[in-house]
Amino acid sequence: MAVFTAVTLDDLSQWIKQFPLGDALALQGISSGIDNSNFFLTTERGEFVLTIFENLGFEQLPFYVQLMRHLAERGIPVPAPVPNASGELVVTLHGKPAIIVSRLNGASQMDPQPVHCAEVGTMLARMHLAGRDFPMTQPNLRGLDWITATAPQVLPFLSEPEAALLRNEVTFQGDFAATQAYGALARGPVHADLFRNNVMFEGERLTGCFDFYFAGVDTWLFDVAVTVNDWCIDLATGELDEARVQALLAAYHAVRRFTAEEQTAWQAMLRAGALRFWLSRLYDFHLPRAAEMLTPHDPTHFERILRERIARPAHPLPV
Ligand SMILES: Nc1ncnc2c1ncn2[C@@H]1O[C@H](COP(=O)(O)OP(=O)(O)O)[C@@H](O)[C@H]1O
Ligand SMILES: N[C@@H](CCOP(=O)(O)O)C(=O)O
């Protein structure tokens, strides 16, 4: 499911002329997305992805789309948005914002091994460095302010042990964010949702990553923590798999060395990454949007990860 706005080749015959792509030859809806309507689009110039935004407005999109362009121009394997004849990246289709981006080859690797995690670590570090001169700024919209505002909304739905965990962790993260160690962490544009389903591989070679719609400016270490919490765990228990953690972190460190402040912050940041997704999943589960048509992700997965990170500190970052 998840083509919310129907589009036909006929609809595109005139519309596509604003892009330097020739005629549209084939269009196929993509079933796996949950937020937007996505299509594989074949034109005379090649293979692309057409996205119609169902929830984000024109005013919210420039940060994400310009960031993709910025990174693509610097050789990071992300979808490159195609400008129209007026230089616009976001245009209207069926009354909604739409973009065309280059299509990445490959498929998601849902059973990653250390070799895949190393590829992800390398790419993530390169992405962080490439984002240093990105001129636009937008906070991580799922950062501490959002967490602090959202936690009270879900607390009434929780059991006492869940509520206690949530309250304690929000307090812990608020206290941690006020420390000098946190203030000294390197920051920049981060993907903030680099899960297995947002990265493509051909065999053991990473071919790209996509879905930048949670990107924002935050600490680079938060991005690393979010990524490790998905790529390097046993999905059933949430426990870290040491070989995959080491592979991802060593590969990242080889491109951008972790700092002393990041060493100090690592355990807290793994907890912050778990809290962020536990809370968004709790919110989607207990307070679904009116038009929500999909089964929400399981919040208990990230509750388990959070409890696990509190109980068992991870191996330190490489030095
Ligand atoms: N640039 C791209 N190249 C190749 N496939 C893509 C690209 N963008 C999206 N896809 C495919 O479309 C699917 C849905 O995209 P996604 O961004 O996750 O949608 P949503 O934002 O609606 O959740 C992905 O799982 C992937 O298979
Ligand atoms: N990765 C998040 C949800 C975001 O969904 P995506 O398909 O847009 O990555 C989660 O697992 O909760």
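The paragraphs below set out a description of the structure included in this document. Fair warning: this is a prediction, and the values are worked out from it, not measured in the lab.

Here is what the cut-offs are and how they apply
Residues numbered from 1 in each chain as written. Chains lettered and ligands numbered in written order. Predicted model: local features only at pLDDT ≥ 70, side-chain atom pairs only at ≥ 80, totals over all residues. Helix = DSSP H or I, 4+ residues; strand = E, 2+ residues; numbered from the N terminus. Pairing = 2+ DSSP bridges. Axes fitted to C-alpha atoms, helices over the stretch in contact; angles between N-to-C directions. Buried ≥ 20, exposed ≤ 12 C-beta atoms within 10 Å, placed from the backbone. Contact = placed C-beta atoms within 7 Å. Near = placed C-beta within 6 Å. Nonpolar A, V, L, I, M, F, W, Y, C, P; charged D, E, K, R; others polar.

1. Focus on the environment of Trp15
Working step 1: Within the secondary structure, Trp15 sits in helix H1 (residues 9–15).
Working step 2: Considering only alpha carbons, one finds Trp15 and Thr92, 77 residues apart in sequence, at a separation of 9.3 Å.

2. Describing the sheet that holds strand E3 (residues 46–52)
Working step 1: Pairing within the open sheet is antiparallel, and its five strands lie in the order E1-E2-E3-E5-E4. With partners counted over all chains shown, the strands left at the sheet margins are strand E1 (24–29) and strand E4 (91–93), one partner each. The average angle at which neighbouring strand axes cross in this sheet is 35°, direction not considered.
Working step 2: Relative to E3, strand E2 (residues 37–43) is paired through seven bridges, and the arrangement is antiparallel. For Phe39, the partnering residue across the bridge sits in E3 and is Leu50.

3. Concerning unusual backbone geometry
Working step 1: One non-glycine residue with positive phi stands out, namely His94, at about 50°.
Working step 2: Relative to the helices and strands, His94 resides in the loop between E4 and strand E5 (96–102).
Working step 3: Located in the positive-phi region is Ala192, a residue other than glycine, with phi close to 75°.
Working step 4: Residue position: Ala192 is located in the loop between strand E6 (187–190) and strand E7 (199–202).
Working step 5: On the basis of neighbour counts, which here come to 22 C-beta atoms within 10 Å, the residue Ala192 falls in the buried class.

4. What about the environment of Phe40?
Working step 1: With respect to the secondary-structure elements, Phe40 resides in strand E2.
Working step 2: Classification of Phe40 as partly exposed rests on a count of 14 C-beta atoms within 10 Å.
Working step 3: Along the backbone, Phe40 and Glu204 are 164 residues apart, and their C-alpha atoms lie at a distance of 24 Å.
Working step 4: The contacts of Phe40, once residues within four sequence positions are left out, are Gln28, Ile30, Glu47, Val49 and Arg103.

5. Some words on the site of ligand 2
Working step 1: What surrounds ligand 2 is the set Ile34, Asp35, Asp193, Phe195, Asn197, Asn198, Asp211, Phe277, Ser280, Arg281 and His297.
Working step 2: Among the residues forming the shell around ligand 2, the class breakdown is three nonpolar, four polar and four charged.

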